[in-house]
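# Working through the structure, step by step
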Amino acid sequence: MSYFGDNRPTDEVVESLAQLTAEFRYCIVYGGTRRLLQDRGIDPMCCVLLGVHPGDDVALELMLPDGSVVEFESRDDPLTREHIELVGWTSAVGDKRNVRIARAHCTGERESEFSKVVYARYVQYWEDGDAPLRPKPAR
């Protein structure tokens, strides 16, 4: 489910994690998912997005604040496109290289430094164009 191959240098993997996580933590498109995680008692601002696959439902692979990894789908409202339901929540195998790198670089004492990089990526890539989702057109 991840975007990274096992042969990429560690700094490239960390940069990819920062970009994915920036969109997840700050962009409007993930606002519903963040609220759904908060309803489960999970702080989304301490999660790391490892991978995403759009489709009818958006499939996400997420490292939680405790370092565990989950895969789930986020179902969106057909009109507003906001994520309104988490489905298929399962624990995932957490021994892939990108997960090991995420744990080493994005948790514990290093989390605050990673969070600074994540916010900088949001400002760099998304802040200026981050707007509410447009409703889906009627068929």
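Just so you know, these numbers come straight off a predicted model, no measurement behind them. (Residues numbered from 1 in each chain as written. Predicted model: local features only at pLDDT ≥ 70, side-chain atom pairs only at ≥ 80, totals over all residues. Heavy atoms only, no water.)

### Comments concerning the overall build of the chain
Counting its secondary structure elements, the chain contains four helices and four strands. For the chain, the N- to C-terminal ordering of α and β elements is α-α-β-β-β-β-α-α. Out of the 139 residues in the chain, the part that is buried amounts to 41%. Taking contacts inside the chain between residues at least 6 apart in sequence as the whole, the part at least 24 apart equals 53%. (Helix = DSSP H or I, 4+ residues; strand = E, 2+ residues; numbered from the N terminus. Buried < 20%, exposed > 50% of the residue type's maximum accessible area, 1.4 Å probe, protein only. Contact = heavy atoms within 4.5 Å.)

### A short note on the packing of helix H1 (residues 10–26) against helix H4 (residues 111–125)
Two elements in contact, H1 and H4, have axes whose closest approach is 8 Å; the angle formed by their N-to-C orientations is 70°. The angle between the axes of H1 and H4 places the two elements in the roughly perpendicular class. Each of Val14, Glu15, Leu17, Ala18, Gln19, Thr21, Ala22, Arg25 and Tyr26 in H1 lies in contact with H4, whose residues at this interface are Glu111, Phe114, Ser115, Val117, Val118, Tyr119, Arg121, Tyr122 and Tyr125. Considered class by class, the residues forming the contact of H1 with H4 number 11 nonpolar, three polar and four charged. (Axes fitted to C-alpha atoms, helices over the stretch in contact; angles between N-to-C directions. Parallel < 35°, antiparallel > 145°, perpendicular 65-115°, else oblique. Nonpolar A, V, L, I, M, F, W, Y, C, P; charged D, E, K, R; others polar.)

### Observations regarding the pattern of salt bridges
Counted under the stated rule, the structure contains six salt bridges. The residue Asp57 makes a salt bridge to Arg75 at a minimum N-O spacing of 3.2 Å. One end of the pair, Asp57, is in the loop between strand S1 (48–53) and strand S2 (58–63); the other, Arg75, is in strand S3 (residues 69–76), with 18 residues separating them in the sequence. Overall, Arg75 belongs to the partly exposed group, its relative accessible area being 33%. One salt bridge in this structure joins Lys96 and Glu61, with 2.7 Å as the shortest N-O distance. Placement of the pair is Lys96 in the loop between strand S4 (83–91) and helix H3 (97–106) and Glu61 in strand S2, with a sequence separation of 35 residues. The exposure class assigned to Lys96 is partly exposed, which follows from its relative accessible area of 30%. Judged by its relative accessible area of 0%, Glu61 is buried. Each of the salt bridges in this network shares a partner with another, and the network as a whole consists of Asp57, Arg75 and Glu85. (Salt bridge = Lys/Arg side-chain N within 4 Å of Asp/Glu carboxyl O.)

### Quick word on the side chain of Ser74
With respect to the element layout, Ser74 can be found in strand S3. The buried category is assigned to Ser74, whose relative accessible area is 1%. Within the structure, Ser74 has its side chain in polar contact with the side chain of Thr33 (distance 3.0 Å). For Ser74, the side chain forms a polar contact with the side chain of His83, separated by 3.0 Å. (Polar contact = N/O pair within 3.5 Å; in protein donor to acceptor, adjacent residues only side chain to side chain.)

### Focus: the sheet that holds S4
Strands sit in the order S1-S2-S3-S4 across an open sheet of four strands; the sheet is antiparallel. Looking at strand neighbours, the two that pair on one side only are S1 and S4, the edges of this open sheet. Taken over all neighbouring pairs, the strand axes of this sheet differ in orientation by 25° on average, direction set aside. Helix-sheet contacts for H1 involve S1 and S2, and the interaxial angle to S1 is about 85°. (Pairing = 2+ DSSP bridges.)

### Some words on the nonpolar core
Note on soluble globular proteins: their nonpolar side chains tend to be buried together. Judged by nonpolar contacts, the single largest core of 18 residues is most densely connected at Leu17, Val48, Leu50, Met63, Ala102, Cys106 and Phe114. Elements supplying a minimum of two residues to this core: H1, S1, H3 and H4. Broken down by element, this core gets its largest block of residues, five residues, from H1. With 16 residues, the next largest nonpolar core counts Phe24, Leu36, Val58 and Phe72 among its residues. (Core = buried A, V, L, I, M, F, W, Y, C linked by side-chain atoms within 4.5 Å.)

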